[in-house]
Amino acid sequence: MSAVTTRKDGDVLVVSANNPPVNALGHAVRAGLEAAVKAAAADSGVSAIVIRCEGRTFFAGADITEFGKPPQAPGLPDVCDLIEQSSKPVVAAIHGTALGGGLEVALGCHYRIAVPTAKLGLPEVKLGLLPGAGGTQRLPRVAGVADALPMIVFGDPVSAKKAESIGLVDRIAGEDSLEADAIAFAREIAKKTPLPVSSARTDKIEAAKADAGVFERFVTENARKLRGLDAPAACIEAVRAAVDLSYAEGVKKEREVFFKLLTGNQSKALRHVFFAERAAAKIDGIPADTPVLPIKKVGMLGAGTMGGGITMNFLSAGIPVTIVEREQAALDRGVSIIRKNYENTAKKGRITAEQVEKAMSLLTPTLDFNALADSDLVIEAVFENMDIKRDVFRRLDATIKPGAILASNTSYLNVDEMAAETKRPESVIGLHFFSPANVMKLLEVVRGAKTSPAVLKTSMELARKIGKVAVVSGVCPGFIGNRMLSQRQAQAQALILEGAKPWDVDRVLTQFGFPMGPFQMSDLAGLDIGWSAETSKSESVRDVLCERGRRGQKTGKGFYDYDENRKSSPSPETEAIIADFIAKSGKQQRAVSDEEILERLLYPMVNEGAKILEEKMAQRASDIDIVWLNGYGWPAYTGGPMFWADTVGLDKIAAALGKYGVEVAPLLKAKAEKGESFN
Ligand code: 3H9
C-alpha cells in the first residue's frame, strides 16, 4: 500500500498518509505529499485540500532513522513550503500527536483542526536538534514568541485546547468525526481570501519586538535546566532570528544550526538514547506468543522507605496494594508517609485532592502476612540480608496462591538463591526499584536462571504501565547499575587516598554532567548507612568521619561542612583525616589532574560494563546506557557510559586502564584491538 493516497470528497481533496506505526515523514511520505499537492493545483475540480493520517497519530515527526543517511528529495522544508504556497487552502486534520516535522507540516498548512485529545509539539530539542523545517520561524509567527519559546526550547507538547488558545489550532473537531469536520471546515474556508500564510505573518512578531526583554528573561529563568546542552541555546537563537530577521534569513539561520547540531555529538547521543529506550523494552530469547499474566492485586512486604515508594507506583496506576509490616507503629509510619507524599504532590498542583483519596483508597495496610495470599504479585522489600530473604521466600511460597509472581527488591543479592527456597522458581524475579522509588524512572528486572518467559514479560509490561523504564539484568552482585557503581566508588576512595580532594572528585563529575559526585552523594544518603558505632575501628576515612559525628548532611557535616541552608563547603577536618590516612600508609600525597580523576572514575565503569556484556548479564550495550541514564544521573547528552566510551575510543580507554593498573576486560580489549565499538 502506498504511503500517501488521495480521494475526492466533492471539491475537497482528502490526502491520507499511512506509514505505521507513527506516520514518520520518511521519503515515501514526503514524495506522496508533494505529488498530492501538485495534483490538487492542477485539478480545477479541487478547491481545498485536507491532509490527514491513518492509524494512531498525525505525523510524529521526521523519520529519525533517515538522519545521517544521504538526503533524498523532496526534503521536508520543501514539502512544507510547497503546501504553504498552494493557491488552494490546505487544512491539517490532527489526531494523536503532531510532533516535530509533523507540526511543521501542519504549520505549513493554512488552517489546523484537531481532536480534543490531540497533542502538538516540537520535541526536536530532546534529540539534541531544533525544528529544521521552518518550525522555529513559523511557530513564533503563528503562536507568538512567549508561547513558542518554551515549546521549542523544552520540547513538551501542548494540548489541543492550549493550542487553540494560542492560535496554533483554528478549530477543535469532534473526537470521532475529525475527517468529516475537516472536510466541512475546508469547504467553509475554500473561498476565503487572502489565505493565512504562516511565514508571512508579522502581527505576533511585532508584539515580541515591543517586549525587548523576552529572551533575556527566558534565559535567566531557565539557566539551570539548560546547563550543558547545545540544542536549547540554539533553539533560543533561532527564535530570536524569527524576531530580528526576515523569514527567509531566519530559515537560513535555522537550517544552518540544524545541520550543525545534527552532526554534533550531543544529538548523536540523544538519538541513541531514543532508540536505546525502546530497545530496552524488548526481551531477547522469549517466544513472541508468550502470555502476559493479569496483575490486578499487588502485595508489598515492608512499609519502609522502599516499600512505601514502590507501593505508590501501583496505587498511582490504579492497582490495589496490600502492604504488610510486622509492627503497627512501622505500618502507620509507612502509610502516613505515603499519604504525605501524595498530599505534597497535590499541594504543588500536580494531582488533585480526589486523586490523593483515590490512591489511598486502593491501599490496604495490615499486620497479617496471610492477607497477601491472593495477590497476583508480591514484592518483598525487607532488610538486605540473605538469611532473612530466604526465610521470606519460604513463607511467601507457602502462603501466596499458585501462579502468583514472587519478586525481590534486592539491590545486590542473588535472586536464584531466593528462588531455590520455593517450589516455583519460575515465578521468582528481581524487581530492583531505585530510591526514591516513586520518583526514579529506572527498574532493573532481574531474570533468574529459572524465571519463566511469562513472568519476565509480565514484569516488563507492568513496568511500562507504572511509568518505569525497565531493563533486563542477569543475576550477578549489584546487577548492572550497582555493579558498575562499585567500580566508581572504589576509584573515588583510592583517588582521595592519593591526594585528590573529595570536592575535586565531585567537581570533575558534575562538570561532566552528573547532578552530583560520589562524596556529595554519600553526604546526602548518610555516611552511617551500614556503619555501626560498636564495631567501627577507624579503618577507613568513612569510619573516622562517622566516629567524629560527621555522618552527612543530616548532622551538618560529612565529607563537607554544611551551613544552616545545607550549603556545602570543603572541610579542613575531612582534609586532615584523609592526610592522616595517607601519612600512615607511608605514601606521599600528589596532585591528581582533573583528566586523571575523570578517566579513573569512568573508564573502570566501562570496563565493568564490558564484563557485564560478555557474561550476558545485560542484553545489549545500550541497555547499560539506559540503566545509567535513568538510575544514576549520567548526562543524557553523552549517551550513557557505553555510547560515550565509543565516542572516546575503546583503544584509548583500554590503554588508559592498563596505565592505571586495571585489568582490561577481554571484550573491551578485543574490541579495542579490532577498532570496534559497543554500539
Ligand atoms: C524532526 O521532526 C526533525 C524536523 O524538525 C526537521 C527535519 C528536516 N522516526 O515511542 P514508541 C518508532 S525530529 C522513526 O514506542 P509510543 C519507534 O522507534 C523528530 N521512528 O510509541 C518505535 O519503533 P520500534 C521529532 C520512530 O506510542 C515505534 O516507532 N519527533 C519515530 O509510545 C513506536 O514508537 C519526535 O521526536 C520517528 N520520528 O509513542 C517524536 N517516532 O517499535 C518521536 C517513533 O521498532 N516519537 N518511531 O521500537 C515519539 O515521541 C513517540 O514515538 C510517540 C509515540 C509519542 C509518537
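Residues numbered from 1 in each chain as written. Predicted model: local features only at pLDDT ≥ 70, side-chain atom pairs only at ≥ 80, totals over all residues. Heavy atoms only, no water.

Peer 1: Please clarify how the overall build of the protein should be interpreted in this entry.
Peer 2: Scanning the protein from N- to C-terminus turns up 28 helices and 19 strands. On C-alpha atoms alone, the protein measures out to a radius of gyration of 29 Å, which is about the 26 Å that the 2.2 N^0.38 rule sets for 679 residues. The C-alpha extent of the protein, read off along each of the three principal axes, is 90 × 60 × 55 Å. When each of the 679 residues of the protein is scored for burial, the buried share is 54%. Put simply, 72% of the contacts in the protein that link residues at least 6 apart link residues at least 24 apart. Just so you have it, the protein exposes about 29500 Å², and 53% of that area is on carbon and sulfur atoms. Each charge class in the protein can be summarised by its mean position, and for the 84 positive and 84 negative side chains these summaries are 1 Å apart. (Helix = DSSP H or I, 4+ residues; strand = E, 2+ residues; numbered from the N terminus. Rg over C-alpha atoms; globule rule 2.2 N^0.38 Å. Buried < 20%, exposed > 50% of the residue type's maximum accessible area, 1.4 Å probe, protein only. Contact = heavy atoms within 4.5 Å. Areas by Shrake-Rupley, 256 points an atom, 1.4 Å probe, with all protein chains shown as cover. Lys, Arg positive; Asp, Glu negative; His and termini not counted. Charge placed at Lys NZ, Arg CZ, Asp CG, Glu CD.)

Peer 1: In this structure, what is going on with the layout of surface pockets? I would like to understand it.
Peer 2: A probe as big as a water molecule, rolled over the atoms, marks out the empty space that is left. Within this model, the second largest pocket holds a volume of roughly 580 Å³. Surrounding the second largest pocket, 25 residues form its lining, Met312, Ser316, Tyr342, Thr345 and Asn438 being those nearest its centre. At the level of secondary structure, the elements contributing two or more residues to the lining of the second largest pocket comprise α13 (305–316), α14 (328–347) and α15 (353–361). Its residues placed into classes, the lining of the second largest pocket shows 10 nonpolar, nine polar and six charged. (1 Å grid on protein atoms, 1.4 Å probe; cavity = no way out; pocket = protein on both sides within 12 Å on 5 of 7 lines; lining within 4 Å. Points joined across faces, edges and corners; volume = space filled by probe spheres on them. Nonpolar A, V, L, I, M, F, W, Y, C, P; charged D, E, K, R; others polar.)

Peer 1: Mind showing me how you'd approach the site of the ligand here?
Peer 2: Inspection of the region around the ligand gives 26 residues, with Arg56, Glu104, Glu124, Arg278 and Lys282 positioned closest. The contact in question runs from an oxygen atom of the ligand to an N or O atom on the backbone of glycine 132, over 3.1 Å. Take lysine 282: an N or O atom from its side chain is 2.7 Å from an oxygen atom of the ligand. In isolation the ligand has 1000 Å² of accessible area, and contact with the protein removes 74% of it. Elements represented by at least two residues in the shell around the ligand include exactly β5 (97–99), α3 (101–108) and α12 (265–280). Sorting elements by how many residues they give to the shell around the ligand places α12 first, with three residues. (Near = heavy atom within 4 Å. Polar contact = N/O pair within 3.5 Å; in protein donor to acceptor, adjacent residues only side chain to side chain.)

Peer 1: Even after reading the chapter, I still don't get the packing of helix α4 (residues 135–143) against helix α10 (residues 231–244), so can you show me in this structure?
Peer 2: Their axes nearest at 9 Å, the elements α4 and α10 cross at an angle of 60°. It follows from the interaxial angle that α4 and α10 lie oblique. Between α4 and α10 the crossing geometry is right-handed. For the pair formed by α4 and α10, the contact residues are Thr136, Gln137, Pro140 and Arg141 on the first element and Ala238, Val239, Ala241 and Ala242 on the second. Split by residue class, the contact of α4 with α10 holds five nonpolar, two polar and one charged. (Axes fitted to C-alpha atoms, helices over the stretch in contact; angles between N-to-C directions. Parallel < 35°, antiparallel > 145°, perpendicular 65-115°, else oblique. Left-handed = near helix turned anticlockwise from the far one by under 90°.)

Peer 1: Would you explain the environment of alanine 200 in this entry?
Peer 2: Within the fold, alanine 200 resides in the loop between α7 (178–189) and α8 (203–210). A relative accessible area of 54% means that alanine 200 is categorised as exposed. A sequence separation of 105 residues divides alanine 200 from threonine 305, and the C-alpha atoms of the two residues are 57 Å apart.

Peer 1: Just checking my understanding: could you explain empty space enclosed by the protein for this structure?
Peer 2: With the rule as written, the count across this model stands at one cavity of 30 Å³ or more. Considered as a void within the structure, the largest cavity measures approximately 30 Å³ in volume. Taken together, Phe314, Leu431, Phe433, Leu443, Ser459, Leu462, Ala463 and Ile466 form the lining of the largest cavity. Considering only residue class, the lining of the largest cavity consists of seven nonpolar, one polar and no charged.

Keep in mind these numbers describe shape, not what the thing actually does.
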